[in-house]
Amino acid sequence: PSVMTVLVGLVMLSAAVSAEQPALTAPLTSAERDQLVEDFVNFARFMTESSDSAAGVKIPSTEGQLDFTRMLSKRLQWPNVEVDSLGCMHAVIPGPAGAPAIAMLAHVDTSPQFTGEGVQPIVHRQWDGQPISLPLGNLTLDPAEMPGLKRVAALKDTIITASGDTLLGADDKSGVALLFAVARRLLSLSPEERGATVELVFNTDEEIGLISASKLEYMADVVAGYTFDGEEFAQVDTETWHAEGCELKIQGVSVHPGYATGKLVHAAALAAHFVTEVHRGAENDTEIGVPATTSGRKGFIHVLSVRGDVGSATVPFILRDFQEAGVAARRAFVERALQRVKDAAPAGAQFALSCSTTYKNMKSYLDEVPQVVDRAVEAVRRATGVQNVVQGAIRGGTDGSVLTLRGKPTPNIFAGWHEAHGPKEWASLSEMAMAAETALHLLALWGQGTAGKQEL
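Only a predicted model underlies this, so the values are computations on that prediction, with no experimental measurement involved.

A. Broad picture of the packing of aromatic side chains. In total, this model carries 9 aromatic pairs according to the counting rule given. Centroid distance F43 to F180: 5.3 Å. Interplanar angle 70 degrees. Geometry classified as edge-to-face. Note that F43 is positioned in helix α2 (residues 30-44) and F180 in helix α5 (residues 170-187), a separation of 137 residues in sequence. This pair shows no difference in class: F43 is buried, exactly as F180 is. A centroid spacing of 5.1 Å and a plane angle of 55 degrees characterise the contact between F46 and F68, whose relative ring orientation is tilted.

Right under this line is the structure:
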């Protein structure tokens, strides 16, 4: 055939592909995937660790988060962007006239459980599936021990890790980076090609109690939201813990230790007694449990820390179960343990226990608006090719837990991160890219056949 015949054939093939795959939902190109890696690496280097000690005292709890969201607000030519009083960045990218509006979220803070300072991401391109040795900390990521890593071992995927002495921060910088890929695609299209209007929200202080989510406001027209903050590939999380946060405050009596006979009451020692009663008791009780002895749908009690001295001590801890009754049973267990400590304590000791709901299981609320979840499931199916998309229960909470209870149904979607909150954390480029493609399919699904705003 002549060169002209070949060229005409290629043009016709390109047109056919375009007809089958609109620009909105086409798979990310190699250039877009490269940009996704570059964005993620740059974002991971930012110190955005949140602070337990400043939780609720100031929002965001650390200046690094505010610096980061301000940077994000200037990184693209957003048509409409602001950083609100909570340090959350909001960017609205308009879709066709009359199309519905949805929100997509990723949190910018990293967990204070392990240091996020001085993160040095390492990009392992075309990973060969062999164990990955990190240069610091004498750590190895072995696919034989990590199901998520084993899943991608044969894919020649690009894997991103930290260097071994920090977390990576992929929870949830992967979510931020993939939503940037979504934004870049949308901004390359006309409003008529974008399917629906989207409000992108990069929010603060998720790791220390979903704090900003309890206060942030979407624009008025948003009918549903989706967080991109899940670990399990191709999963839509529709169920979370019912969660309570508790704190025991103990007041002792501090006197000169040389003249303390019959007078001194050691608050920190009483706190240690309480922790022993609670932790060992829960560890040995299969109906109560601690994190190290539970999995699946089994809840637990978890002591977060012990702070104090002779005069006073504080013990913060959390209660988790998928059912409110399960949390109540654990609270009663703690109260019985505390009573034993009180009975053995010397005169003068004072105890004050307080508990409050942090967030609730969002499943029953999402069940009332099945189309919100159905669209997420279908978007994941189209982006990943996985036909039996799991609607899962996450052993944790998401910003969607709070937002759903506030009237904005917000299930959670996978984001490509794994092994969060520790030095073995890693992220998969292929999974981040498919999560971004899921978001693009979501916009197409929400925009289908829309003559006006879709009501839930």
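Now, onward.
B. The arrangement of the pattern of salt bridges in detail. For the structure on display, the rule yields 14 salt bridges. Among the ionic pairs, R382 bridges to E378, the shortest N-O distance being 2.8 Å. Residue R382 and its partner E378 are located together in helix α9 (residues 370-384), separated by 4 residues, close to a single helical turn. The class for R382 is partly exposed, based on a relative accessible area of 41%. Overlapping salt bridges bring together D39, R75 and R184 as one network.

C. How the structure looks around the sheet that holds strand β8 (residues 197-203). Spatially, 8 strands are ordered β1-β2-β8-β3-β9-β17-β10-β16 in an open sheet, and the strand pairing comes out mixed. What marks the edges here is a single partner per strand, and that holds for β1 (81-83) and β16 (390-393). The mean angle between the axes of side-by-side strands here comes to 25 degrees, regardless of whether they run parallel or antiparallel. One ladder, built from 7 bridges, connects strand β3 (residues 101-107) with β8; its direction is parallel. Among the inter-strand pairings, A103 is bridged to a residue of β8, identified as E199. Relative to the sheet, α5 contacts β2 (89-93), β3, β8 and β9 (222-230), its axis offset from that of β3 by approximately 140 degrees.

D. Fine view of the environment of S214. For S214, the position within the fold is in the loop between β8 and β9. For S214, a relative accessible area of 39% translates into the label partly exposed. Sequence separation between S214 and A383 is 169 residues; the distance between their C-alpha atoms is 31 Å. In contact with S214, other than residues within four places in its own chain, are V402 and R406.

E. Summary view of the sheet that holds strand β19 (residues 426-428). Strand order in this open sheet of 4 strands is β4-β7-β19-β18, and the pairing throughout is antiparallel. Unpaired on one side and paired on the other, β4 (122-124) and β18 (417-418) mark the two borders of the sheet. Of the pairings in the sheet, the one linking β4 to strand β7 (residues 159-161) comprises 3 bridges and is antiparallel in character. Looking at the pairing, I122 lines up with T161 of β7. Lying on the sheet, helix α11 (residues 429-447) is in contact with β7, β18 and β19; it crosses β19 at an angle near 60 degrees.

F. Local environment of unusual backbone geometry. Along the chain, I59 connects to P60 via a cis peptide bond; the corresponding omega equals 0 degrees. The residue P60 is located in the loop between α2 and α3 (63-75) in this model. Here the amide bond leading from D171 into D172 is cis, since omega sits at 15 degrees, within 30 degrees of zero. With respect to the element layout, D172 can be found in helix α5. Even without being a glycine, E419 presents a positive backbone phi close to 55 degrees. Tracing the backbone shows E419 in the loop between β18 and β19.

G. Representation of α3 in the model. Taking 1.5 Å per residue, 13 residues should reach 18 Å; α3 reaches 19 Å between its end C-alpha atoms and fits that length. Within the span of α3, buried status applies to G64, Q65, L66, F68, T69, M71, L72 and S73. In this structure, the buried side of α3 is in contact with α2, β1, β2, α5 and β8.

H. Looking closely at α9. Between the first and last C-alpha of α9 there are 21 Å, a value that for 15 residues agrees with the 21 Å anticipated at 1.5 Å per step. Of all the positions in α9, only V372, V373, R375, A376, V377, A379, V380, A383 and T384 are classed as buried. Packing partners of the buried residues in α9 comprise β9, β10 (235-239), α8 (363-366), β16, β17 (412-414) and α11. Backbone geometry just after α9 places G385 at a positive phi near 80 degrees.

I. Region of interest: the packing of helix α6 (residues 267-284) against helix α7 (residues 324-344). Look at α6 against α7: their axes get within 9 Å of each other, and the N-to-C directions meet at 140 degrees. Between α6 and α7, the crossing angle belongs to the class labelled oblique. Both α6 and α7 take part in a crossing whose hand is right-handed. Contact residues: α6 offers L270, H273, F274, E277, V278, G281 and A282, while α7 offers F333, V334, A337, L338, R340, V341 and A344. Tallied by class, residues from the contact of α6 with α7 come to 10 nonpolar, 2 polar and 2 charged.

Criteria and cut-off values
- Residues numbered from 1 in each chain as written.
- Predicted model: local features only at pLDDT ≥ 70, side-chain atom pairs only at ≥ 80, totals over all residues.
- Heavy atoms only, no water.
- Phe/Tyr/Trp six-rings, centres within 6.5 Å; stacked < 30°, edge-to-face > 60°.
- Helix = DSSP H or I, 4+ residues; strand = E, 2+ residues; numbered from the N terminus.
- Buried < 20%, exposed > 50% of the residue type's maximum accessible area, 1.4 Å probe, protein only.
- Salt bridge = Lys/Arg side-chain N within 4 Å of Asp/Glu carboxyl O.
- Pairing = 2+ DSSP bridges.
- Axes fitted to C-alpha atoms, helices over the stretch in contact; angles between N-to-C directions.
- Contact = heavy atoms within 4.5 Å.
- Expected span 1.5 Å × (residues − 1).
- Parallel < 35°, antiparallel > 145°, perpendicular 65-115°, else oblique.
- Left-handed = near helix turned anticlockwise from the far one by under 90°.
- Nonpolar A, V, L, I, M, F, W, Y, C, P; charged D, E, K, R; others polar.

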